[in-house]
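# Summary of the model geometry
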Amino acid sequence: MTNPVDELVRRTAERLAARRKGAVVVGAAHGDLTATYGADPGTLFEVGSITKTFTSLALARLVVRGELTLDRPLRDLLPAAVPRRDGHDIELVHLACHTSGLPRLPKGLMPRALWQTADPYAGCTEAVLLDGLARTRLRSTPGRRFRYSNLGAGLLGLALARHAGVGYDELIQAEICRPLGLTDTRVTLTGEHASRLAPGHSAFGRPRPGWRLAALAGAGGLHSTVPDLLQLARATFGEAPEELVKAVALTRGTGHRLGRGSTAHPGWLSMTRAGDREGPRLLFHNGGTGGYRSLLAVIPERRAAVAVLSADARAVDRTGLGLLAQLVSS
């Protein structure tokens, strides 16, 4: 029998690839069906901020095992003067939900530098980050307001790795990739993996070098493939080892309400359709680096997921979410 998901995925991939210089891979899962179309499914891409989903899931695993708690102060895990405000500490859950009050970027890194510099985060070493953290003023009281922060997510990854006594890459391999059988998701690419990385391009089709996020890897330093991302999505369906299923449930059950049916969870944003707040929730995260764009979107209750990876800096969100809507309504 023909896989009914195939045609929807094929049309989506062809539509995206027709307007882009770089490689594109689109994948979808619906129930027991999976389809992937575009470049070779084994093609690797920078996934940018989808990395935050992995970082927060690693936190949830450590909490489920009893090694940490969500309300553990960041200052307990880092050898630095962590800022406070109004007598409140930054907790790990604040970093995961972007309610820490930290600025979006590390001290000294200007927003325009992200797109004018070939490798803007390369100098964000642990020493630089911790020195800057001690001189950072919080924009709001921890836990009060949502302020998206790459700095906060990167510090969470750094703190968890220090707690585990390993580097961030090995933390993600041990806590997520090996238990889920993800063979291509990693920060550092060498040998055969490096040969499968799609070259990145700007929104105008010009070649762009890859980004190295140094000690901020937990905010956006991973590379991955569409099959690996779909396997992560299936963990939200309950298709994972028991401890991981519990960790996923913890991330979904924890959140900071944003209004209008939207919530910031550890590693995810969620929303319901307008006028249907009791309906199934959409979980998603997108990502972007100098030459890549990505999207992972899931509706666990419908066992439906879409992953889109593009080696081109034009957004893929609208197209990917449109594919997911078609899946659940067809």
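Now for a quick tour of the structure. Computed from a predicted structure; not experimentally measured.

Let us now look at the overall build of the protein. Along its length, the protein carries 12 helices and 12 strands. A compact globule built from 330 residues would reach a C-alpha radius of gyration of about 20 Å, and the protein, at 19 Å, matches this within 12%. Seen through its C-alpha atoms, the protein measures out along the principal axes to roughly 60 × 45 × 35 Å. The buried share of the protein, taken over its 330 residues, is 55%. Taking as baseline every contact in the protein between residues at least 6 positions apart, the subset at least 24 positions apart corresponds to 68%. Across the protein, the 42 positively charged side chains and the 29 negatively charged ones have centroids separated by 9 Å.

At a closest axis distance of 8 Å, the pairing of helix α2 (residues 51-64) and helix α11 (residues 242-253) adopts a crossing angle of 110°. Considered as vectors, α2 and α11 are oriented roughly perpendicular to each other. Crossing geometry of α2 relative to α11 is assigned as right-handed. Along its contact with α2, which presents S56, L57, A60, R61, V63 and V64, the element α11 presents E243, L244, K246, A247, V248, L250 and T251. Residues belonging to the contact of α2 with α11 are distributed by class as follows: eight nonpolar, two polar and three charged.

Another point: the environment of G320. With respect to the helices and strands, G320 occurs in helix α12 (residues 317-329). The sequence separation of G320 and L230 amounts to 90 residues, and the corresponding C-alpha distance is 13 Å. In contact with G320, not counting residues within four places along its chain, are L295, V306 and V308.

To continue, consider the nonpolar core. Core analysis: the biggest nonpolar cluster contains 72 residues, and F54, L59, I176 and L296 have the highest contact counts within it. Those residues within four positions of L296 in sequence are excluded, and the remaining contacts are I50, L229, L232, A233, W268, L283, F284, H285, V306 and A307. With 22 residues, the next largest nonpolar core counts V26, A28, L323 and L327 among its residues.

This part covers the sheet that holds strand β7 (residues 256-259). Sheet architecture is open: eight strands sit in the order β2-β1-β12-β11-β10-β9-β8-β7, paired in antiparallel fashion. Only two strands of the sheet have a single partner each, and these edge strands are β2 (33-38) and β7. Recorded for the sheet is a direction-independent mean angle of 15° between the axes of neighbouring strands.

Let us now look at the packing of aromatic side chains. The tally for this structure, following the rule as stated, stands at one aromatic pair. Between Y121 and W211, the aromatic rings sit 5.7 Å apart at their centres with planes inclined by 65°, giving edge-to-face as the arrangement. Taken together, the positions of Y121 in the loop between α4 (113-116) and α5 (126-134) and W211 in the loop between β5 (207-208) and α9 (217-220) put the pair 90 residues apart, joining distant regions of the chain.

So, on to the environment of D76. By secondary structure assignment, the location of D76 is in the loop between α2 and α3 (92-97). Among the residues examined, D76 registers a relative accessible area of 44% and is labelled partly exposed. Note: C-alpha distance between D76 and A159 (83 residues apart in sequence) is 9.1 Å. Side chain to side chain, D76 and R72 meet in a polar contact 3.0 Å long.

A separate point is the pattern of salt bridges. Under the definition given, this model contains 25 salt bridges. The salt bridge involving E175 is made with R61; its shortest N-O contact spans 3.7 Å. Taken together, the residues E175 in helix α7 (residues 168-180) and R61 in helix α2 connect sequence positions 114 residues apart. The buried category is assigned to E175, whose relative accessible area is 9%. By relative accessible area, R61 is classed as buried at 10%. Across the pair R212 and D119 runs a salt bridge, and its minimum N-O distance is 2.6 Å. Of this pair, R212 sits in the loop between β5 and α9 while D119 sits in the loop between α4 and α5; the two residues are 93 residues apart in sequence, bridging distant segments of the chain. Assessed through its relative accessible area of 17%, D119 is described here as buried. When salt bridges that share partners are traced, they join R61, R65, E67, E175 and E243 into one network.

All right, on to helix α6 (residues 150-164) then. In this model α6 runs 21 Å from its N-terminal to its C-terminal C-alpha over 15 residues, within 8% of the 21 Å that 1.5 Å per residue would give. The element α6 is extensively covered by neighbouring structure, given that 12 of its 15 residues are classed as buried. Within α6, the full set of buried residues consists of N150, L151, G152, A153, G154, L155, L156, G157, L158, A159, L160 and A161. Contact partners of the buried residues in α6: α2, α3, α5, α7 and α9. The opening residue of α6 is S149, an N-cap whose side-chain oxygen sits 3.4 Å from the backbone nitrogen of L151.

Each value, and the rule that gives it
- Residues numbered from 1 in each chain as written.
- Predicted model: local features only at pLDDT ≥ 70, side-chain atom pairs only at ≥ 80, totals over all residues.
- Heavy atoms only, no water.
- Helix = DSSP H or I, 4+ residues; strand = E, 2+ residues; numbered from the N terminus.
- Rg over C-alpha atoms; globule rule 2.2 N^0.38 Å.
- Buried < 20%, exposed > 50% of the residue type's maximum accessible area, 1.4 Å probe, protein only.
- Contact = heavy atoms within 4.5 Å.
- Lys, Arg positive; Asp, Glu negative; His and termini not counted.
- Charge placed at Lys NZ, Arg CZ, Asp CG, Glu CD.
- Axes fitted to C-alpha atoms, helices over the stretch in contact; angles between N-to-C directions.
- Parallel < 35°, antiparallel > 145°, perpendicular 65-115°, else oblique.
- Left-handed = near helix turned anticlockwise from the far one by under 90°.
- Nonpolar A, V, L, I, M, F, W, Y, C, P; charged D, E, K, R; others polar.
- Core = buried A, V, L, I, M, F, W, Y, C linked by side-chain atoms within 4.5 Å.
- Pairing = 2+ DSSP bridges.
- Phe/Tyr/Trp six-rings, centres within 6.5 Å; stacked < 30°, edge-to-face > 60°.
- Polar contact = N/O pair within 3.5 Å; in protein donor to acceptor, adjacent residues only side chain to side chain.
- Salt bridge = Lys/Arg side-chain N within 4 Å of Asp/Glu carboxyl O.
- Expected span 1.5 Å × (residues − 1).

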